[in-house]
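Reading the structure
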Amino acid sequence: MAAGYLDILRARHAARLLTGTLVGRLPNGTAHIAIVLFTRAEGGSYTLAGALAAAYGLATAVGQPLLGRAVDLYGQPRVQLPAAVVSALGMSLLAFTGLSSLPLAYLAVIVAGVATPPLEGGLRALWPSVLKGEGQVHRAYAMDAVAQEIMFTVGPLLVTVLVSLWSPAAAVLVINAIGVLGALSVVLSEPSRTWRSAPREAHWLGALRSPGLLALLGAFFFVGLALGSITVAGVAYADDHGRESVYGWLMAALGLGALIGGLAYGARQWAGAPERRLRYIVGLLALGYLPLTLTPSVPVMTALAALAGVFLAPAIACSFIVVDRHAPRGTVTEAFSWLVTTFGVGAAAGTAVAGPAVELGSTAWSFAVAGAGGVAALAVLLSTGRVLAAPSRTPAVVTGSENDRNGAVEPGFSSGHKA
């Protein structure tokens, strides 16, 4: 297992691109946590915290596909770095002005969300130009998902440490400054500077003209809803137990579980269609969310959070391959950005629903939102099985593979349908 990942990291530019993207995405990966903690520290209610986090998530959902399409059309450096700077300025405005003016607070998080650079989609578009062969690209997708979970494990702890050492406002400023440096590292790399998208058919719907992609996005809206609700539910659980640090441990446990699951998933080549495999993985993911509604003691709850995260990274890694199989040619960054968008909209809905669920019901009710989201995601995948079984493109070896100088096979396009 480790040897396969090391082979990828030894490839020229691979470690830099992965690290830069991971660091550059830190502000987005921790934004909901930072916004909730900042709002509570400023005296705001759970409902306001959820509403601000939802506004950020919805703004990100709007910005990601638009910026992703811009990357496909104009290249990465001309879009990614300016977007990262504008997003950081938006969060800095929130940190400096606080909640004294709610319209200004909403404007700040909306600007930050809309301008969030599509680094996730950009990295996945770059993998075929950096790595050799379909197998390496698929393993890179799994490693990408694992790296995200490292961020989701370390990120909450970093935010809580910065809050403890200084303040929630300082945490927001530091995290966003680090994010700009990560984006800068990516866009200055040779693969990012030279990458160009494959020719695309002019169509106003872009990647969304693929029925299979729409089905996948519908399912992952509910996965995002589950994760977004856990963000608010975790804070409420920590408040119930009188220790702010409990929240960081719960989020870290969730990420640690996903890290373990992602490493195990990427350790082997999988036979069979990824669409079918995704249904099983999401079913297990939904099953893992349901016990959280029990809200037991902190040690047990931490263990349940880790268990709930085990199938998250495998679901994400498998979804990357499904996106590649169903996205129209020349829309690779946009298609991956739409996946980010569905997470953003779903997470926004989850935070918006979980806040009132805490105040009108209990902490258990807010965790029940996560369980319902997982079940709904599985229902979408089961009901759209026929659409997902027919990729919009025929599996083929693509010589260019979105500027692939190594002649790599475009991911997901093997006649054997291996993940």
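As the structure is a prediction and not an experimental result, all values here were calculated from the model.

So, about the overall build of the protein chain. Tallying secondary structure elements over the protein chain gives 18 helices and zero strands in all. The 419 residues of the protein chain split such that 60% are buried. Taking contacts inside the protein chain between residues at least 6 apart in sequence as the whole, the part at least 24 apart equals 83%. Carbon and sulfur atoms form 69% of the exposed surface of the protein chain, whose accessible area is close to 15200 Å².

Trp 127, Leu 131, Phe 220, Leu 278, Tyr 289 and Leu 292 are the most contacted members of the largest nonpolar core, which has 94 residues in total. Top contributing element to this core by residue count: helix 11 (residues 211-240), with 13 residues. Filtering out sequence-adjacent residues up to four positions away, Leu 292 remains in contact with Ile 230, Met 301, Leu 304, Ala 305, Ala 308 and Phe 367. Counting residues in hydrophobic clusters, the runner-up holds 18 residues, among them Ala 31, Tyr 56, Met 91 and Ala 108.

Another aspect to go through is the side chain of Ser 189. Secondary-structure assignment places Ser 189 in the loop between helix 9 (168-187) and helix 10 (190-194). Polar side-chain contacts of Ser 189 include one of 2.6 Å to the backbone oxygen of Val 186. In this structure, Ser 189 is in contact with Arg 16 and Leu 17, ignoring residues within four places of it in sequence.

This brings us to the packing of helix 11 against helix 12 (residues 245-265). In a packed pair of helices, the relevant descriptors are the angle between the two axes and the axis-to-axis distance. For the pair helix 11 and helix 12, the least separation of the axes is 8 Å and the interaxial angle reads 145°. As for the relative orientation of helix 11 and helix 12, their crossing is right-handed in sense. Contacts between helix 11 and helix 12 involve Leu 227, Ile 230, Thr 231, Gly 234, Val 235, Tyr 237 and Ala 238 from the former and Val 246, Tyr 247, Leu 250, Met 251 and Leu 254 from the latter.

Our next topic: the pattern of salt bridges. Under the defined criterion, the tally for this structure stands at seven salt bridges. Across the pair Glu 190 and Arg 12 runs a salt bridge, and its minimum N-O distance is 3.5 Å. With Glu 190 in helix 10 and Arg 12 in the loop between helix 1 (2-10) and helix 2 (14-24), this pair connects stretches of sequence that are 178 residues apart. Taking relative accessible area as the criterion, Arg 12 reaches 63% and is therefore assigned exposed. With a shortest N-O distance of 2.8 Å, Glu 275 and Arg 325 are connected by a salt bridge. One end of the pair, Glu 275, is in helix 13 (residues 274-289); the other, Arg 325, is in helix 15 (residues 312-326), with 50 residues separating them in the sequence. Of the residues examined, Arg 325 reaches a relative accessible area of 5% and is grouped as buried. Through salt bridges with shared partners, a single network forms among Arg 25, Glu 120, Arg 124 and Asp 144.

We now examine unusual backbone geometry. Most peptide bonds take the trans configuration, and most residues that are not glycine carry a negative phi. For His 13, which is not a glycine, the phi torsion comes out positive at approximately 80°. With respect to the helices and strands, His 13 occurs in the loop between helix 1 and helix 2. Despite not being glycine, Thr 295 has its phi angle at roughly 40°, a positive value. Look at Thr 295 and you get partly exposed, because its relative accessible area is 24%.

Take the environment of Val 137 next. Secondary-structure assignment places Val 137 in helix 8 (residues 134-165). Residues Val 137 and Leu 126, 11 residues apart in the sequence, show an inter-C-alpha distance of 9.9 Å.

As a further point, take the side chain of His 326. Summarising the element assignment, His 326 is placed in helix 15. Since its relative accessible area comes to 0%, His 326 is described here as buried. One polar contact links His 326 to Glu 275, side chain to side chain, over a distance of 3.0 Å.

This part takes up a nonpolar patch on the surface. Side chains of Val 62, Leu 66, Ile 110 and Val 114 sit close together on the surface and give an oily, nonpolar patch of about 330 Å² of accessible area. By the element assignment, Val 62 lies in helix 4 (residues 46-74). Judged by its relative accessible area of 47%, Val 62 falls in the partly exposed class.

Our next topic: the confidence of the model for the protein chain. A low pLDDT means the predicted coordinates there should not be read in detail. With 89% of its residues at a pLDDT of at least 70, the protein chain reaches an overall mean of 83. Taken together, the stretch residues 394-419 has pLDDT below 50 and engages in 75 contacts with residues farther than four places along the chain or on a different chain.

Each value, and the rule that gives it
Residues numbered from 1 in each chain as written. Predicted model: local features only at pLDDT ≥ 70, side-chain atom pairs only at ≥ 80, totals over all residues. Heavy atoms only, no water. Helix = DSSP H or I, 4+ residues; strand = E, 2+ residues; numbered from the N terminus. Buried < 20%, exposed > 50% of the residue type's maximum accessible area, 1.4 Å probe, protein only. Contact = heavy atoms within 4.5 Å. Areas by Shrake-Rupley, 256 points an atom, 1.4 Å probe, with all protein chains shown as cover. Core = buried A, V, L, I, M, F, W, Y, C linked by side-chain atoms within 4.5 Å. Polar contact = N/O pair within 3.5 Å; in protein donor to acceptor, adjacent residues only side chain to side chain. Axes fitted to C-alpha atoms, helices over the stretch in contact; angles between N-to-C directions. Left-handed = near helix turned anticlockwise from the far one by under 90°. Salt bridge = Lys/Arg side-chain N within 4 Å of Asp/Glu carboxyl O. Patch = residues over 30% accessible without salt bridge, like charges linked within 9 Å, V, L, I, M, F, W, Y side chains within 5 Å. pLDDT = per-residue confidence, 0-100.

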